[in-house]
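# Descriptive structure summary
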Amino acid sequence: MVETSQREDQQRAAQARRKELLEAADRVVMRDGPGASMNAIAAEAGITKPILYRHFGDKGGLYRALAVRHTDALLDGLRAALDAPVPRRDRVEATLDTYLVAIETRPQVYRFLMHPADEEQPSEQGFDVGRHSAPLLRRLGEELAKVIAERVDLGPGGEQLARAWGHGIVGMMHAAGDWWLRERPFPRAELVRHLADLLWGRLAAAGDRLDGPGF
């Protein structure tokens, strides 16, 4: 029992330390975006780079940990928007807006997660983001597909259709949001309306699943 308690204490301490290091990494990412380096993160955390590697393995391990952290938070927000007690069209717009708010309010985090380092900040100094962003988008697509399948009656083949919709919506949000964040051609609310108009066709006509939480 004593050994078990000690192991649990060690695990809690390791988890707390890992959280502290991720928060330090977040601060560097907020400042440096895709150019964030392991050296800068280690300095921010007040440790040496070998200790940082001990916790995350390598740059890719730290990137994946940060991606999970931010993706989990984004998914929580998307689910809350989808389940808000308002008409379906309002929920669609709120879901799109939740994603756009996330990239607008933390653009450096978005660029870190989704874009390689700029040319003046070579990727070997920062993170090789390009090869990691596709799995992140796939995860978002699969999670959104689950939410749709649980709530909307899509008839025969509904599960696969929900997956097509989930990945299609995530791809649309990513591409349109990336363009909008770079150019800012009009207010965010206008982009939300445009994208909701694009989605609204069959989604407006589909009924709620009888055994689901409704949409």
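Up top is the structure these notes are about.
Residues numbered from 1 in each chain as written. Predicted model: local features only at pLDDT ≥ 70, side-chain atom pairs only at ≥ 80, totals over all residues. Heavy atoms only, no water.

### Notes on unusual backbone geometry
- Phi at arginine 184 is positive, roughly 45°, even though this residue is not glycine.
- Checked against the element boundaries, arginine 184 lands in the loop between helix 8 (158–183) and helix 9 (188–205).
- Overall, the relative accessible area of 40% leaves arginine 184 in the partly exposed class. (Helix = DSSP H or I, 4+ residues; strand = E, 2+ residues; numbered from the N terminus. Buried < 20%, exposed > 50% of the residue type's maximum accessible area, 1.4 Å probe, protein only.)

### Some details on the nonpolar core
- Counting residues in hydrophobic clusters, the biggest one holds 52 residues, and the most contacted among them are Leu52, Leu62, Leu96, Tyr99, Leu113 and Ile148.
- Excluding anything up to four places from it in sequence, leucine 52 contacts Leu21, Met38, Ile41, Ala42, Ile47 and Leu62. (Core = buried A, V, L, I, M, F, W, Y, C linked by side-chain atoms within 4.5 Å. Contact = heavy atoms within 4.5 Å.)

### What about the packing of aromatic side chains?
- Per the counting criterion, the structure on display carries two aromatic pairs.
- When the ring of tyrosine 63 is compared with that of phenylalanine 112, the centres are 5.5 Å apart and the planes differ by 45°; the resulting orientation is tilted. On the criterion of sequence distance, the pair formed by tyrosine 63 in helix 4 (residues 59–82) and phenylalanine 112 in helix 6 (residues 107–114) is long-range, its members being 49 residues apart.
- Note on tryptophan 179 and phenylalanine 186: the rings are 5.8 Å apart at their centroids and 65° apart in plane angle, and the pair reads as edge-to-face.
- Overall, the relative accessible area of 37% leaves tryptophan 179 in the partly exposed class.
- Take phenylalanine 186: its relative accessible area is 21%, and that puts it in the partly exposed class. (Phe/Tyr/Trp six-rings, centres within 6.5 Å; stacked < 30°, edge-to-face > 60°.)

### Focus on the packing of helix 6 against helix 8
- It is at 12 Å that the axes of helix 6 and helix 8 come closest, and there the two elements cross at 130°. Here helix 6 lies oblique to helix 8, going by the angle between them. As for the relative orientation of helix 6 and helix 8, their crossing is left-handed in sense. Together, Pro107, Tyr110, Arg111 and Met114 of helix 6 and His174, Asp178 and Leu181 of helix 8 make up the contact between the two elements.
- Across the contact of helix 6 with helix 8, the residue classes break down as four nonpolar, one polar and two charged. (Axes fitted to C-alpha atoms, helices over the stretch in contact; angles between N-to-C directions. Parallel < 35°, antiparallel > 145°, perpendicular 65-115°, else oblique. Left-handed = near helix turned anticlockwise from the far one by under 90°. Nonpolar A, V, L, I, M, F, W, Y, C, P; charged D, E, K, R; others polar.)

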